[in-house]
Amino acid sequence: MKINKEFVLETAKALLEHHSPSGFCFEIMDEIRKYAERFGYAFETTRKGCGIITVPGKSDEKVIGLSAHVDTLGAMVRSITGSGTLKFTLVGGPIAATLDGEYCKIRTRSGKIYTGTFLSTSPAAHVYEDASSKARNANNMEVRIDEVVKCKQDVEDLGIANGDYIFIEPKTTITESGYIKSRFIDDKGSVAGLMGLLEALSREQVTPAYTVKIFISVYEEVGHGSSYIPEDITEMIAVDMGCIGEDLSCSEQDVSICAKDSGGPYDYQMTSKLIELAKENDLRYVVDIYPMYGSDVGAALRGGNNIRGALIGPGVHASHGMERTHYEGLENTIKLLFAYITQ
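Anyway, here's the lowdown on the structure attached to this text. Fair warning: this is a prediction, and the values are worked out from it, not measured in the lab. (Residues numbered from 1 in each chain as written. Predicted model: local features only at pLDDT ≥ 70, side-chain atom pairs only at ≥ 80, totals over all residues. Heavy atoms only, no water.)

Focus on the overall build of the protein
Counting its secondary structure elements, the protein contains seven helices and 19 strands. Over its C-alpha trace the protein gives a radius of gyration of 21 Å, about what one expects of a compact globule, namely 20 Å for 343 residues. Dimensions of the protein, computed from the C-alpha atoms along their principal axes, are close to 65 × 40 × 40 Å. Burial status across the protein gives 55% buried among its 343 residues. (Helix = DSSP H or I, 4+ residues; strand = E, 2+ residues; numbered from the N terminus. Rg over C-alpha atoms; globule rule 2.2 N^0.38 Å. Buried < 20%, exposed > 50% of the residue type's maximum accessible area, 1.4 Å probe, protein only.)

Printed below as a string of structure tokens:
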């Protein structure tokens, strides 16, 4: 199968630049719907906003679920200070220290957008002795708004209120050497990969061996993205980022096959089949253990769904910070998924 590299990279860039922190995914799900309809596949949403794309197979003996999450990390206005800055609460688990100096957008409930910057409460080296040593966390940081505001009332007059979302700028860049640099590659890189799989299936008019349901989850970053999945799904592969670092084998060019994460081992037969297919198709792959990681398969199993589950994904460096992956990692992931659903 030939992967449409240009489409995958264009889709990754478009999705990465679209703000969608957990709980604010209805706009980006409209874009997912357009991809599904473009390639001729049925699309529906669950009550909490997850997307389901159905690809009919040659048999309904089993239904394979492929899950990736479109929600990202983010922040929300916790309170407005007397001096007109914003205290914030994190959505999901971004590394707070990496937010220092980052640009952001504040979206009011009425849809107005204001720009701002995450800063330490000791932001100036010429003023504060602890400017470089103060811990960077939500308690010691705030958002400076790019409007003339001197007090809490000035901010409220803009329409900004507690509970408004703060979107972190992703700073998406794709290099000539094939690297994708951006926040939130976890997991929009995988979502782009699944859209690339759909494009290839449609272009080549390939019918999977079994019906496939692509489940685009929301709320994964806060733990319950795929706690509900369609009842007819019998086995599920979470397509999420592969971890890099410490004693892990993965690189940004690999598809990572996870044997176990913090929730326990993945299905032995499914994992073994994925390893076998990666070998047969001469793909760059590794097998790793992720001790500080959870996936949509874990959420589905905890939700009581009667499924088998596995986890794969492209290697991503510096997760929950300024992330990076490579097109080759995405391509190897797409090819492994194609091999699995057409076997």
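Observations concerning the packing of aromatic side chains
Throughout the structure, instances matching the rule amount to eight aromatic pairs. Geometrically, the ring pair formed by Tyr165 and Phe167 is stacked, given 6.4 Å between the ring centres and 25 degrees between the ring planes. Phe167 matches Tyr165 in its accessibility class, with the two residues each being buried. Taken together, the ring pairs in this structure connect Phe24, Phe26, Tyr165 and Phe167 into an aromatic cluster. Positioned above the aromatic ring of Tyr210, the side-chain terminus of Lys62 is 4.8 Å from the ring centre. When the ring centre of Tyr179 is taken as reference, the NZ or CZ atom of Arg324 above it lies at 3.8 Å. (Phe/Tyr/Trp six-rings, centres within 6.5 Å; stacked < 30°, edge-to-face > 60°. Lys NZ or Arg CZ within 6 Å of the ring centre and 35° of its normal.)

What about the packing of helix H1 (residues 5-16) against helix H2 (residues 26-38)?
Between H1 and H2, the shortest axis-to-axis distance is 11 Å and the interhelical angle comes to 160 degrees. Accordingly, the angle class assigned to the pair H1 and H2 is roughly antiparallel. At the point where H1 passes H2, the crossing takes the right-handed sense. Contact with H1, carried on its side by Phe7, Thr11, Ala14 and Leu15, involves Ile28, Ile32, Tyr35 and Arg38 of H2 and no other residues of that element. Counted by class, the contact of H1 with H2 contains six nonpolar, one polar and one charged residues. (Axes fitted to C-alpha atoms, helices over the stretch in contact; angles between N-to-C directions. Parallel < 35°, antiparallel > 145°, perpendicular 65-115°, else oblique. Left-handed = near helix turned anticlockwise from the far one by under 90°. Contact = heavy atoms within 4.5 Å. Nonpolar A, V, L, I, M, F, W, Y, C, P; charged D, E, K, R; others polar.)

Brief notes about the side chain of Glu323
Along the polypeptide, Glu323 turns up in strand S19 (residues 323-326). It is Arg183 that comes nearest to the buried, bridge-free Glu323 among opposite-charge side chains, at 7.5 Å. Only 2.8 Å separates the side chain of Glu323 from the backbone nitrogen of Ile185, close enough to count as a polar contact. (Lys, Arg positive; Asp, Glu negative; His and termini not counted. Salt bridge = Lys/Arg side-chain N within 4 Å of Asp/Glu carboxyl O. Polar contact = N/O pair within 3.5 Å; in protein donor to acceptor, adjacent residues only side chain to side chain.)

Observations regarding empty space enclosed by the protein
By the definition in use, this model includes three cavities of 30 Å³ or more. Its boundaries defined by the atoms lining it, the largest cavity holds a volume of some 50 Å³. Lining the largest cavity we find 13 residues, and of these His19, Ser20, Thr72, Ile168 and Phe184 sit closest to its centre. Broken down by element, the residue count for the lining of the largest cavity peaks at three residues, all from strand S9 (residues 165-168). Looking at the lining of the largest cavity residue by residue, the class counts come to seven nonpolar, five polar and one charged. Approximately 40 Å³ is the volume found for the second largest cavity. (1 Å grid on protein atoms, 1.4 Å probe; cavity = no way out; pocket = protein on both sides within 12 Å on 5 of 7 lines; lining within 4 Å. Points joined across faces, edges and corners; volume = space filled by probe spheres on them.)

A short note on the environment of Phe338
Its place among the elements puts Phe338 in helix H7 (residues 327-342). Measuring from C-alpha to C-alpha, the distance between Phe338 and Leu201 comes to 8.6 Å, with 137 residues separating the pair along the chain. Not counting residues within four places of it along the chain, the set of residues in contact with Phe338 comprises Met1, Leu197, Leu201 and Val206.

Comments concerning the sheet that holds strand S10 (residues 173-174)
Strands sit in the order S10-S11-S19 across an open sheet of three strands; the sheet is antiparallel. Strands with a single pairing partner mark the edges of an open sheet, and in this sheet they are S10 and S19. Pairing between strand S11 (residues 179-182) and S19: four bridges, direction antiparallel. Residue pairing in the sheet places Lys181 in a bridge with Arg324 of S19. (Pairing = 2+ DSSP bridges.)

Points about the layout of surface pockets
The volume enclosed by the largest pocket comes to roughly 580 Å³. Lining the largest pocket are 26 residues; nearest its centre among them are Cys243, Met292, Tyr293, Gly294 and Ser319. In terms of residue count, helix H6 (residues 296-302) provides more of the lining of the largest pocket than any other element does, three residues in total. Across the lining of the largest pocket, the residue classes tally to eleven nonpolar, seven polar and eight charged.

Observations concerning H2
Residue pairs three or four apart in sequence face the same way in an α-helix, which turns once every 3.6 residues. Taking 1.5 Å of rise per residue, 13 residues should cover 18 Å, and H2 covers 19 Å from first to last C-alpha, within 8% of that figure. Within H2, the full set of buried residues consists of Ile28, Met29, Ile32, Tyr35 and Ala36. On an axial view of H2, the arc spanned by its buried residues comes to 105 degrees, and they lie on one face. Lining the buried residues of H2 we find H1, strand S1 (42-45), strand S2 (51-55), helix H4 (185-204) and strand S12 (210-217). Phi for Gly40, located one or two positions after H2, is positive at around 85 degrees. (Expected span 1.5 Å × (residues − 1). Arc of directions from axis to C-beta.)

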